[in-house]
2 protein chains.
Amino acid sequence: MQKMTDVSTGRSAGKFPANFVLRGDIAYSKSPEELSCREGAFLVCREGVCGGVFPRLPAEYSPFPLYDYRGKLIIPGLTDLHIHASQFGFRGLGMDMELLDWLEKRAFPEEAKFHDGGYARRAYGLFVEALRRGPGARFCVFATIHTEATLILQDLLEESGLVSMTGKLSMDRNCPEALREKSAAGALKNAEEWLDLSEKRNYRNTRPILTPRFIPSCSDELLYSLGKLAQDRGLPVQSHLSENRREIAWVRELCPGASHYAGAYRDFGLFGGEAPAIMAHCVWPEDEELALIKERGVFIAHCPQSNANVASGIAPVRRLLNLGIAVGLGTDVAGGIHSSIFRAMGDAIQASKLRKVLGPAAEGSPSGGAEEDYRPLGLEEAFWMGSAGGGALFNAGSFEEGREFDALVLDDGDLAAPFPLSVRERLERAVYLSEDRHIIGKWVRGRPLFMIMPENRFENTGE
Amino acid sequence: MQKMTDVSTGRSAGKFPANFVLRGDIAYSKSPEELSCREGAFLVCREGVCGGVFPRLPAEYSPFPLYDYRGKLIIPGLTDLHIHASQFGFRGLGMDMELLDWLEKRAFPEEAKFHDGGYARRAYGLFVEALRRGPGARFCVFATIHTEATLILQDLLEESGLVSMTGKLSMDRNCPEALREKSAAGALKNAEEWLDLSEKRNYRNTRPILTPRFIPSCSDELLYSLGKLAQDRGLPVQSHLSENRREIAWVRELCPGASHYAGAYRDFGLFGGEAPAIMAHCVWPEDEELALIKERGVFIAHCPQSNANVASGIAPVRRLLNLGIAVGLGTDVAGGIHSSIFRAMGDAIQASKLRKVLGPAAEGSPSGGAEEDYRPLGLEEAFWMGSAGGGALFNAGSFEEGREFDALVLDDGDLAAPFPLSVRERLERAVYLSEDRHIIGKWVRGRPLFMIMPENRFENTGE
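Here's what I pulled together on the structure shown here. (Residues numbered from 1 in each chain as written. Chains lettered and ligands numbered in written order. Predicted model: local features only at pLDDT ≥ 70, side-chain atom pairs only at ≥ 80, totals over all residues. Heavy atoms only, no water.)

**What to know about the overall build of chain A**
For chain A, the count of helices and strands is 13 helices and 18 strands. Against the compact-globule benchmark of 23 Å for 463 residues, chain A has a radius of gyration of 22 Å, which places it among compact chains. A principal-axis box enclosing the C-alpha atoms of chain A has dimensions of 65 × 55 × 40 Å. A burial count over chain A gives 65% of its 463 residues as buried. (Helix = DSSP H or I, 4+ residues; strand = E, 2+ residues; numbered from the N terminus. Rg over C-alpha atoms; globule rule 2.2 N^0.38 Å. Buried < 20%, exposed > 50% of the residue type's maximum accessible area, 1.4 Å probe, protein only.)

So, in structure tokens, the structure goes:
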């Protein structure tokens, strides 16, 4: 691969073959405990679906065009289960503010700007372009309450080639006037109109998702009616769950009849079952809540960076994993600063180490204090959460046969070491040290978003 | 600045003028609480020393060549008060291991390789090149026990144009055979020989520093003799202090006569006074220790990332600042993964937020539990620590008149926002989001290490 030429964006990807083979140093998760790492292996894509990874290319695939990235790292595209598109513009600003200041001075005023379609186009344009260049392939995205702006975001995401569940926010209480839908009935009507308009656009990759912000910002009536809508139309739902202790106490006041926070969502019909539900945070779950999460197959978006920035605490990820709960990672921009799930993987490991020595958090915690028997997360588990774990929501994020084909090629040559590195070591280093510029090829559902073409792309030695 | 040409490395910097002016959007710390941020201002360098920052260029400087970086961010070069050069090669590897595993499987075997000068040249070459491209200008560097390898490192640092205090490690107990100096007398002789050889090289920018690894790995005899050497020759000293509770208990056993950990260093003559001392960590200081640190003017290297990775806890930085202790930042590679002090600034803010909610740590802590009245660090304080605070050791790190002139020009244009950003906001965003590639110019002691030349470099309008 002496000479490389820069080619192909999503827009010109029509010419790209539906069946092809990538060759390189391939790493992916087989389970939370097991990474598969193979040097110089072959990864098959058949009509947008993974055909498997092979040390030698089976004869049946020898007619497929082969793109030879030997020496480069090939991994699945990553999944971000929780990101606020409208907050991307002020990521990394005011991060030393207290939460309420930050909401009042940064988050709410910025969200209010999205009533203006022109502003939305500019701001969401920056957002989508950053995601396109980064390691993520799949996203669960919060927009704002504005229908037009949300459709602009969906158009941009669709055009990018990325896959997402994207939701217009619903909220009708406990938020600034400019962001409040005027009644539960009005908010429901807004959601239905937005769904109808979304449907007419015939998106391939952009699925609408119901997005009540969280219980404190939605009236009971709105939550019930959204729950009914979700059940009637089989729609996925995303929201926030048990982020911090004050919020939990508030929800207890607002829903005195509910057994707990998760139970309140369930009572409203918003907690999984037929269609999936994705809940961000889960820093302070009760045992019964965890049982319900598990029973309903609800996805948890673990957002370690945001949980630190907002001083929420450290989620008990080890417990979630032990219970077999579907847990993935979220960047939670702009509570989180970085829009890369690589960063979330490293942060998840680091946070789990602090949990071991500091305990889950102290603020009134029944289990406050160090948890010496708490085993911190390993690379395997962190990488699994950010790829196959979260990706399971989309049947993606892994190179297991039958998953949808999302792949990244990383040229990690300048992350140099004075000694040879194994594929697993290169993966670990890429998690901590790679930047977007290291990504030289990115495919989502088998289509290239961008790629640097290896010179020998049509050479298929079959070996 | 339509066209830019890439020019000038440290090696060809002989041609660069000794007196010059940079123009751009200038930010630097005046105190831990105060940032100076000025758009389109002029920064004067006179013979390697800051001549001040001016909104309009005083007439006396109008003969100086002016390099016009308007629209770019200009900040002081940063200072890393604690980094292990020999551990750079395995940064970001094995970060999910427990500490003892990590030392045994990664740190010690790697350090042992530096008995080989060829290996040292390769490994230290990667290290120094990474520092050269990054935002740091000044460094306190730990090498290994090997004299030849340490001199190779010093040569490379000197050649790079960076300024450092670099030390051959001393240790004669409680470490693997391959890294143990055979006796206290032998270790002292090694240190003296190394100092003599260093002196003969007439380094301009590379000062030797005595480096007993920490009390547990040095016998009393060795510590006494190094303390005497430090006093006799007026040499600076660096080591580790109060990183974690087990280590502190161990030091108490090893030095039963000392009032505390810092007191033990003082008793050995290794705790500041005439020549400076730099101590890494200080996660668990006692009140009396803090008083001694303050009294002796000892610099503390706060290493938030490493303290999390190694599960040490969260240092009480707010208390250090309130006491007026000289505190700077350290990356502590490879306990820390990232060799950029920008990352350490962001981590310091984030860690201080977690300290507020989680408390200092639980393991037997008298003050365990949340510290609701603990005020997290702000951008001002974090930036000050990583620039002027740590830089004070070298009389650098700020653009106050009289400090040595270290400057970075950052082209932060692609860290875009959908709304205009103030200089302070751009600084905050650069702390969190900039990468080495954003640095388009770097000067240390007035000499350019590299720079992209603005087209209008000789145009001096004076205005």
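**Some remarks on the pattern of salt bridges**
Residue and element names in this part refer to chain B. With the rule as written, the count across this model stands at 61 salt bridges over all chains. Between Arg-132 and Glu-129 there is a salt bridge, and its shortest N-O distance comes to 3.0 Å. Remark: Glu-129 and Arg-132 occur in helix 2 (residues 117-133); sequence separation between them is three residues, near one turn of the helix. Residue Arg-132 is classed as buried on the basis of its relative accessible area of 16%. (Salt bridge = Lys/Arg side-chain N within 4 Å of Asp/Glu carboxyl O.)

**Considerations on the sheet that holds strand 6 (residues 78-84) of chain A**
All names here are of chain A. Spatial ordering of the open sheet is given by 6-7-8-10, a layout of four strands whose pairing is parallel. Looking at which strands have only one partner, the edges of the open sheet turn out to be strand 6 and strand 10 (206-208). Here the strands of the sheet are splayed against their neighbours by 20° on average, with no regard to which way each runs. Alignment of strand 8 (residues 163-167) against strand 10, held across three bridges, turns out to be parallel. Note that in strand 10 the partner of Ser-164 across the bridge is Thr-206. (Pairing = 2+ DSSP bridges. Axes fitted to C-alpha atoms, helices over the stretch in contact; angles between N-to-C directions.)

**Considerations on the pairing of strand 13 (residues 277-281) of chain B**
Residue and element names in this part refer to chain B. With respect to burial, strand 13 is a largely interior element, five of its five residues being buried. Bridge analysis of strand 12 (residues 237-241) against strand 13 gives five bridges, and the strand direction is parallel. Looking across to strand 13, one finds that Ser-239 is bridged to Met-279. As paired elements, strand 13 and strand 14 (residues 299-302) share three bridges and run parallel to each other. Pairing of Ala-280 across the sheet is with Ala-301, part of strand 14. Read as a crossover between parallel neighbours, the route from strand 13 over helix 8 (residues 287-296) to strand 14 is right-handed. (Right-handed = clockwise from strand over helix to strand, strands pointing away.)

**Describing the nonpolar core**
For soluble globular proteins, the rule of thumb is that nonpolar side chains tend to be buried together. A:Leu241, A:Ile300, B:Leu241 and B:Ile300 are the most contacted members of the largest nonpolar core, which totals 264 residues. Among all residues touching A:Leu241, those that are not within four sequence positions of it are A:Tyr261, A:Ala262, A:Tyr265, A:Phe271, A:Met279, A:Ala280, A:His281, A:Cys282, A:Val283, A:Glu289, A:Ile293 and A:Ile300. (Core = buried A, V, L, I, M, F, W, Y, C linked by side-chain atoms within 4.5 Å. Contact = heavy atoms within 4.5 Å.)

**Notes on the interface of chain B and chain A**
Chain B puts 63 residues into the contact, and the matching count from chain A is 63 residues. Summing both sides of the interface, chain B and chain A together bury roughly 5000 Å²; the carbon and sulfur share of this comes to 55%. Mapped by element, the contributors of at least two residues to the side of chain B that touches chain A are helix 1 (99-112), helix 2, helix 9 (304-309), helix 11 (341-358), helix 12 (379-391) and helix 13 (423-433) of chain B. The element best represented in the side of chain B that touches chain A is helix 11 of chain B, accounting for nine residues. Looking at the side of chain B that touches chain A residue by residue, the class counts come to 30 nonpolar, 12 polar and 21 charged. (Buried area = accessible area lost by both parts, 1.4 Å probe. Nonpolar A, V, L, I, M, F, W, Y, C, P; charged D, E, K, R; others polar.)

**Section: the relation of the copies chain B and chain A**
With an RMSD of 0.0 Å, chain B superimposes on chain A once it is rotated by 180° and translated 0.0 Å along the axis. Those values place the two copies in the arrangement expected of a two-fold rotation axis. Relative to the rotation axis, the C-alpha of B:Leu358 is the closest in chain B, positioned 3.2 Å from it. Comparing interface residues between copies, 100% of those in chain B also lie at the interface in chain A; the contact surface is shared. (Least-squares fit on C-alpha atoms with pLDDT ≥ 70 in both.)

**Details of the packing of aromatic side chains**
For the structure on display, the rule yields 36 aromatic pairs over all chains. Aromatic pair B:Phe16 and B:Phe20: ring centres 4.9 Å apart, planes at 80°, arrangement edge-to-face. Each member of the pair, B:Phe16 as well as B:Phe20, is classed as buried. Connected via pairs of aromatic rings, a cluster forms that spans A:Phe16, A:Phe20, A:Tyr28, A:Tyr67, A:Tyr69, A:Phe399, A:Phe405 and A:Trp443. Geometry around A:Phe88 places A:Arg91 over its ring, the cationic atom sitting 3.9 Å from the centre. (Phe/Tyr/Trp six-rings, centres within 6.5 Å; stacked < 30°, edge-to-face > 60°. Lys NZ or Arg CZ within 6 Å of the ring centre and 35° of its normal.)

**Overview of the sheet that holds strand 8 (residues 163-167) of chain B**
All names here are of chain B. Strand order in the open sheet made by the four strands is 6-7-8-10, with parallel pairing throughout. The open sheet is flanked by strand 6 (78-84) and strand 10 (206-208), the only strands paired with a single partner. Strand-to-strand twist across the sheet, computed as the mean angle between neighbouring axes with direction ignored, equals 20°. As paired strands, strand 7 (residues 136-142) and strand 8 are joined by five bridges and run parallel to one another. Counterpart to Phe-142 in the pairing with strand 8 is Gly-167.

**Quick look at the side chain of B:Arg343**
Within the element layout of this structure, B:Arg343 appears in helix 11. Classification of B:Arg343 by relative accessible area gives buried; the value is 16%. A polar side-chain atom of B:Arg343 sits 3.3 Å from a polar atom in the side chain of B:His338. Filtering out sequence-adjacent residues up to four positions away, B:Arg343 remains in contact with A:Arg343, A:Asp347, B:Gln305, B:His338 and B:Val431. (Polar contact = N/O pair within 3.5 Å; in protein donor to acceptor, adjacent residues only side chain to side chain.)

**A word on the packing of helix 11 (residues 341-358) of chain A against helix 12 (residues 379-391) of chain A**
If you want to describe how two helices pack, look at the angle between their axes and the distance between the axes. Residue and element names in this part refer to chain A. Close contact between helix 11 and helix 12 brings their axes to 9 Å; oriented N to C, the two are set at 140°. Crossing of helix 11 over helix 12 shows right-handed handedness. Contacts from Ile-341, Met-345, Ala-348 and Ile-349 of helix 11 reach helix 12 at Leu-379, Ala-382, Phe-383, Met-385, Gly-386 and Ser-387. (Left-handed = near helix turned anticlockwise from the far one by under 90°.)

**Here we look at the packing of helix 12 of chain A against helix 13 (residues 423-433) of chain A**
Residues and elements named next belong to chain A. The contact between helix 12 and helix 13 brings their axes to 11 Å, and the two run at 65°. By crossing handedness, the relation of helix 12 to helix 13 is classed as left-handed. Residue-level contacts link Leu-379, Glu-380 and Phe-383 of helix 12 to Arg-424, Leu-427, Glu-428 and Val-431 of helix 13. Residues belonging to the contact of helix 12 with helix 13 are distributed by class as follows: four nonpolar, no polar and three charged.

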